[in-house]
Structure formats: C-alpha cells, structure tokens
Amino acid sequence: MIQRIQSIYLLLAACLMMCTWGCPLLQFVQGEKWATMTSIAYDAAVAQEFAGRTPWGLAILSALVSVMACYAIFKFKNRRLQIKWTNTCLLLTVAWYATAAAYVWSRMQATGFETIVPKAGLALPAISLICLWLARRGIKKDEALVRAADRIR
C-alpha cells in the first residue's frame, strides 16, 4: 500500500541507494593528480593508478539494499517479515560504509594519495539509513496497533 508513510520511506531509501551509482562519493587528490570514486567506477583520467579498478562491493551493496527495500514495500501484509527485511537493509547500509572505508584505505595505501575530499554522494546512504529507520519505526507502530485491535476482539 502506498498510502502508508513507511512505504514512501522505503521507496526513498531505495532511490537514494541507487543514486550512489552515479554520484561522486569522494575525490582523491595529490598535487595535480586526482581521481573521483563512485559506487561503480573510479574516474581516473588524471591518475592512472586507478585505471582498471572498480569498487564492486559498493555497487553490489547499493543494488542489494535498493532491491530489498523495494521488496519490503510489497510485504505490507506480513509486517514481521517487513521489519526483518528493513533491519537487513539497515545492516547492509552500515556495511556499505564499512566497505567504502575499506576501498578508500586500500586505494590510499596502494597509490600514495594523501588527501580525500568528500562529495555529496557520500551522504546519500546516511539519508537512506535515516529513511530505513523511520520506515521500521512506522512498521512497528502498525504492528502494535494491529495487536492492540486483536486484543480488544
């Protein structure tokens, strides 16, 4: 049901995670050399050390969270299962940040780049995390309301 606010939160979280595919997450800078990182590639026109490298872990986690959040929308009749899917999405979004940190650290060690400039795309999973938390809270409220109504009968 799209009338439920948690469905909108889940849809927004899915869209935000898919936006990480194209948005620049951060930029490695060292003097005149630079490379921009997105979830699916490094824009390494100036820094050849990044050529041929792809952060597949970020792309897979972004897609997985998006698909799972969309699937959770259609599980509105089974709120307990919907809460489990939402909790899994929350954990995967936190894992996305851990994976991003691992990619950044490994690229800095391998290439010697010293400066990292965060970009706007790095905030998208954090906003998605907030939306997922709000959706979970709304689903739990619905579940409590249904249980209270069942007790009255």
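Right above here is the structure, for reference.
Predicted model, so just to flag it, every value in this text is computed and none were measured.

> Help me out: how do you make sense of helix α1 (residues 5–19) in this one?
If you check α1, its first and last C-alpha atoms are 21 Å apart, about what 15 residues at 1.5 Å a residue would give, namely 21 Å. Among the residues of α1, Gln6, Ser7, Leu10, Ala13, Ala14, Leu16 and Met17 are the ones counted as buried.

> Got a minute to help me understand the packing of aromatic side chains in this structure?
In this structure the tally under the stated criterion is three aromatic pairs. Here the aromatic rings of phenylalanine 28 and phenylalanine 113 are separated by 6.3 Å at their centres, their planes lie at 75°, and the arrangement is edge-to-face. Residue phenylalanine 28 is located in strand β1 (residues 26–30), and its partner phenylalanine 113 is located in the loop between α3 (79–111) and β4 (115–118); the two are separated by 85 residues in the primary sequence. For the residue pair phenylalanine 28 and phenylalanine 113, the accessibility class agrees, reading buried in each case.

> What's the story with the pattern of salt bridges in this structure? I'm lost.
Should the charged atoms of two oppositely charged side chains come close, the side chains can pair. Enumeration according to the criterion identifies four salt bridges in this entry. Two residues, aspartate 142 and arginine 4, come together in a salt bridge whose shortest N-O distance is 3.1 Å. Residue aspartate 142 is located in helix α4 (residues 124–152), and its partner arginine 4 is located in the segment before α1; the two are separated by 138 residues in the primary sequence. When its relative accessible area of 13% is taken as the criterion, arginine 4 is described as buried. Glutamate 143 is the salt-bridge partner of arginine 80, the closest N and O atoms lying 3.8 Å from each other. Of this pair, arginine 80 sits in helix α3 while glutamate 143 sits in helix α4, and the two are 63 residues apart along the sequence. Within this structure, Arg79, Arg80, Glu143 and Arg147 form a network of salt bridges that share partners.

> Honestly, the nonpolar core in this entry has me stumped. Any pointers?
The nonpolar side chains of soluble globular proteins are, as a tendency, buried together. Grouped together as the largest cluster of nonpolar side chains are 28 residues, with contacts concentrated most on Leu10, Phe28, Met37, Trp96 and Leu132. Put simply, the parts of the chain that give this core at least two residues each are α1, β1, α2 (56–73), α3 and α4. A total of seven residues in this core trace back to one element, the largest contributor, which is α2. Not counting residues within four places of it along the chain, the set of residues in contact with leucine 10 comprises Ala69, Ala72, Ile73, Gln82, Thr86, Leu132 and Ala135.

Conventions and cut-offs
- The residue count restarts for each chain, going from 1 along the sequence in the order it is written.
- Whole-chain, interface and lining totals are the exception, using all residues; otherwise, since this is a predicted model, local features are given only for residues with pLDDT of at least 70 and side-chain atom pairs are given and counted only at 80 or more.
- Only hydrogens and water are removed before side-chain values are computed, so all heavy atoms of the structure are retained for them.
- The numbering of helices and of strands both runs from the N terminus, where a helix is a DSSP run of H or I of at least 4 residues and a strand a run of E of at least 2.
- To estimate how far a helix should reach, multiply one less than its number of residues by 1.5 Å.
- To sort residues, take the accessible area from a 1.4 Å probe on protein chains only and compare it with the maximum for the residue type: under 20% means buried, over 50% means exposed, and anything in between is partly exposed.
- Aromatic pairing here means that ring centres of Phe, Tyr or Trp (its six-membered ring) are within 6.5 Å. Orientation follows from the plane angle: under 30 degrees is stacked, over 60 is edge-to-face, and everything else is tilted.
- Basic side-chain nitrogens of Lys or Arg form a salt bridge, by our definition, when they fall within 4 Å of a carboxyl oxygen of Asp or Glu.
- Note on terminology: a nonpolar core comprises buried Ala, Val, Leu, Ile, Met, Phe, Trp, Tyr and Cys residues joined through side-chain atoms within 4.5 Å.
- Contact definition: two residues touch when any of their heavy atoms are within 4.5 Å.

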